[in-house]
Amino acid sequence: MKKGIRVTLSALLFPLLLMAQTETQELTLAKAVEFAIENNKQLQVSRKDIDLYKQKVRESVSQGLPQVNGKLDYSTNFGYEMNFGGNAIKMKDQSNVGVSVSQLIFSGQWILGVQTSKIAEKIANQQVDITELDIKENVCNTYYTILVSERLRDIVRQNMSNMEDIYKHTQNMYDAGTVELTDVDQIRITVGQLKNSLLALERTIEVSYNLLRLQLGLQAGSAVKLTETLDHFLGREDYVKLSVKQFEINNNAEFQLMQTQEELSKKMVGLQRWSYAPTITGNYGYNYKILKPSFDMSPKHSASLTMNIPIFSGLQRKSQLEQAKIELEQTSLNKSLLEDQLNVNERQYKYELKNATENYLLQKENIGVAKRVLENAQRKYEFGAMSSLDLTQANNNYLEAENNYTNACLTLLQAEIQLERLYNELSY
């Protein structure tokens, strides 16, 4: 009876589980970016570096904390007797229990080492920030690519529907003997080309959705729906604000990382300099005899203070200091080079944004003209005042205008993204 109940419950719950697995993710661009930041596997791996460096900081700090060790030993001489002028003294077994405490009192390298570890942790955080920016940029680009592809697909689908109606009309005209068979063939070829284009666009859109799922950390085949339109993003006219925005290089994520790396290199020079300084360590020990010989003079308590003074290391320390100085110079040069590159990129990206804006406005105007020409051609064709070849050409011109406009939209949005990425101000 119980087995039958389990089977029945499974049958009832299976549709609910299936619905849960196939729940559609409805995403605005902001929600998509937020979802990716939370679930992207590449970013999760990068965040583990932060946890790793936190532990390294703790490791560095712990070297300056008291080090406590316990000891328990036992030794035997298997009843061995020592002879002193005819007198035999039996060697007793010995056992000791003790504890020792050591404390680093002064070490310049330890102080600099802790500071260096904290800077390394800061670098790990900044690298995560850069990875987040990369993920945001990639998600935005994929989101926009899907929107423009879906727009073009809808245009082609509507155009194909119109051409199918014209094909039927042409077939009826041919049956009535008012047009030639070549007119029918010409329209049929156009319809076939449109079907192939539509299938290609459908495959392209699916590939883009799969890429978006990967970026979001979703399983393959998860249902995703984009809830914002292409016109929404174009209507914000962010390209107008970006074209006049001033570049603050200190806000750039890559430059911030380079500044921290320079700071780290300076600390490494200091770390090598401190290798010439003495190190002071204090030690304390307590030893309790569990089993002891008859004559025992060793004390229970002991303490010591040790100063290690580096005198000569075969020029090793000098070589390590010079290496650290050279690495600092390299980092400073790389920072200067990056600054130059970022300034060049900013001018280049603004130039590309300007070109993309002008092309977008031109193509937007062109599709209006091409659409009016096509509608006029379709009316003329229906009244027999235009050939099927001319109609096909007008239709191809319209589709080309729509394709150019779609590409211009994507180019404009991508130009905005790369400039916002440079400013570390991605808007979505």
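On a predicted model such as this, the values are computed, not experimentally measured, just so you know.

Colleague: Please clarify how the overall build of the protein should be interpreted in this entry.
Modeller: Along the protein, the regular secondary structure elements total ten helices and eight strands. Against the compact-globule benchmark of 22 Å for 428 residues, the protein has a radius of gyration of 39 Å, which places it well outside the compact range. Every one of the 428 residues in the protein was classed for burial, and the buried ones make up 36%. As displayed, the protein has an accessible area near 26000 Å², and 54% of this comes from carbon and sulfur atoms. Charge separation in the protein, taken as the distance between the mean sites of 47 positive and 51 negative side-chain charges, equals 11 Å.

Colleague: What is the right way to read the nonpolar core from this model?
Modeller: Nonpolar side chains tend toward joint burial in soluble globular proteins. L29, V139, Y144, L226, L234 and Y360 are the most contacted members of the largest nonpolar core, which has 79 residues in total. Per-element accounting of this core gives the leading share, 20 residues, to helix α4 (residues 108-175).

Colleague: Please clarify how unusual backbone geometry should be interpreted in this entry.
Modeller: Working note: non-glycine residues mostly have negative phi, and peptide bonds are mostly trans. The backbone of E237 shows a phi angle near 50°, a positive value even though the residue is not glycine. In this model, N424 sits at a positive phi of 60°, which is unusual for a non-glycine residue. With respect to the element layout, N424 can be found in the segment after α10 (388-423). Of the residues examined, N424 reaches a relative accessible area of 30% and is grouped as partly exposed.

Colleague: Would you explain the packing of α4 against helix α5 (residues 181-216) in this entry?
Modeller: Two measures define how a pair of helices packs: the angle their axes make with one another and the distance between the axes. Taken N-terminus to C-terminus, the directions of α4 and α5 make an angle of 160°; their axes are 8 Å apart at the nearest point. With respect to α5, the axis of α4 lies roughly antiparallel. Seen along the crossing, α4 lies across α5 with a hand that is left-handed. Class assignment of the residues belonging to the contact of α4 with α5 gives a composition of 20 nonpolar, twelve polar and eight charged.

Colleague: Please explain helix α9 (residues 316-382) as it appears in this structure.
Modeller: Since the α-helix packs 3.6 residues into each turn, any two residues three or four apart lie on the same face. The terminal C-alpha atoms of α9 lie 92 Å apart, and with 67 residues this matches the ideal 99 Å at 1.5 Å per residue to within 8%. With its phi angle positive at about 75°, G384 sits one or two positions after the end of α9.

Colleague: Help me out: how do you make sense of the environment of T281 in this one?
Modeller: Tracing the backbone shows T281 in strand β7 (residues 279-291). C-alpha of T281 to C-alpha of L104: the two residues are 177 residues apart in sequence and 4.6 Å apart in space. Dropping the residues within four chain positions of it, T281 is found in contact with Q103, L104, I105, S304, L305 and T306.

Colleague: Would you mind going over the pairing of β7 with me for this structure?
Modeller: Within a regular beta strand, the side chains point alternately toward one face of the sheet and then the other, so they alternate between its two faces. Taken together, the eleven bridges between strand β5 (residues 94-106) and β7 define a ladder with antiparallel strand orientation. Counted as the bridge partner of S95 is L291 from β7. One ladder, built from eight bridges, connects β7 with strand β8 (residues 301-308); its direction is antiparallel. Paired with T279 across the two strands is N308, which belongs to β8.

Colleague: I keep staring at the sheet that holds β5 and nothing clicks. Help me out?
Modeller: Neighbouring strands of a sheet are bound in pairs by backbone hydrogen bonds; such pairs are parallel or else antiparallel. Across the sheet, which stays open at both edges, the four strands sit in the order β2-β5-β7-β8 with antiparallel pairing between neighbours. Edge positions in the open sheet fall to β2 (67-75) and β8, since each of these has one partner strand only. Pairwise comparison of adjacent strand axes, ignoring direction, gives a mean angle of 20° for this sheet.

Colleague: Any chance you could explain the pattern of salt bridges here in plain terms?
Modeller: Where charged atoms from two side chains of opposite charge come close, those side chains can pair. By the definition in use, this model includes 17 salt bridges. Across the salt bridge formed by D154 and R157, the nearest N and O atoms sit 3.9 Å from each other. One end of the pair is D154 and the other is R157, both in helix α4 and three residues apart, which spans about a single turn. Exposure remark for D154: the relative accessible area of 37% places this residue in the partly exposed category. Overall, the relative accessible area of 37% leaves R157 in the partly exposed class. Across the pair E206 and R213 runs a salt bridge, and its minimum N-O distance is 3.4 Å. For R213, a relative accessible area of 8% translates into the label buried. Via salt bridges that share partners, D134, E137, E254 and R421 belong to a single interconnected network.

Colleague: Looking at this structure, how should I read the packing of aromatic side chains?
Modeller: Aromatic rings considered in pairs are described by the distance between their centres and by the relative angle of their planes. Counted by the stated rule, this structure contains six aromatic pairs. A ring pair is formed by Y143 and F233, whose centres lie 6.1 Å apart and whose planes are at 80°; its orientation type is edge-to-face. Within this pair, whereas Y143 is found in helix α4, its partner F233 is found in helix α6 (residues 230-235), the two being separated by 90 residues in sequence. Y143 sits in the buried class, given a relative accessible area of 0%. The buried category is assigned to F233, whose relative accessible area is 1%. Considering the side-chain rings of Y144 and F233, the 5.1 Å spacing of their centres and the 70° angle between planes classify their relative orientation as edge-to-face. Here F233 lies in helix α6 and Y144 lies in helix α4, a separation of 89 residues in the sequence.

What counts as what
Residues numbered from 1 in each chain as written. Predicted model: local features only at pLDDT ≥ 70, side-chain atom pairs only at ≥ 80, totals over all residues. Heavy atoms only, no water. Helix = DSSP H or I, 4+ residues; strand = E, 2+ residues; numbered from the N terminus. Rg over C-alpha atoms; globule rule 2.2 N^0.38 Å. Buried < 20%, exposed > 50% of the residue type's maximum accessible area, 1.4 Å probe, protein only. Areas by Shrake-Rupley, 256 points an atom, 1.4 Å probe, with all protein chains shown as cover. Lys, Arg positive; Asp, Glu negative; His and termini not counted. Charge placed at Lys NZ, Arg CZ, Asp CG, Glu CD. Core = buried A, V, L, I, M, F, W, Y, C linked by side-chain atoms within 4.5 Å. Axes fitted to C-alpha atoms, helices over the stretch in contact; angles between N-to-C directions. Parallel < 35°, antiparallel > 145°, perpendicular 65-115°, else oblique. Left-handed = near helix turned anticlockwise from the far one by under 90°. Nonpolar A, V, L, I, M, F, W, Y, C, P; charged D, E, K, R; others polar. Expected span 1.5 Å × (residues − 1). Contact = heavy atoms within 4.5 Å. Pairing = 2+ DSSP bridges. Salt bridge = Lys/Arg side-chain N within 4 Å of Asp/Glu carboxyl O. Phe/Tyr/Trp six-rings, centres within 6.5 Å; stacked < 30°, edge-to-face > 60°.

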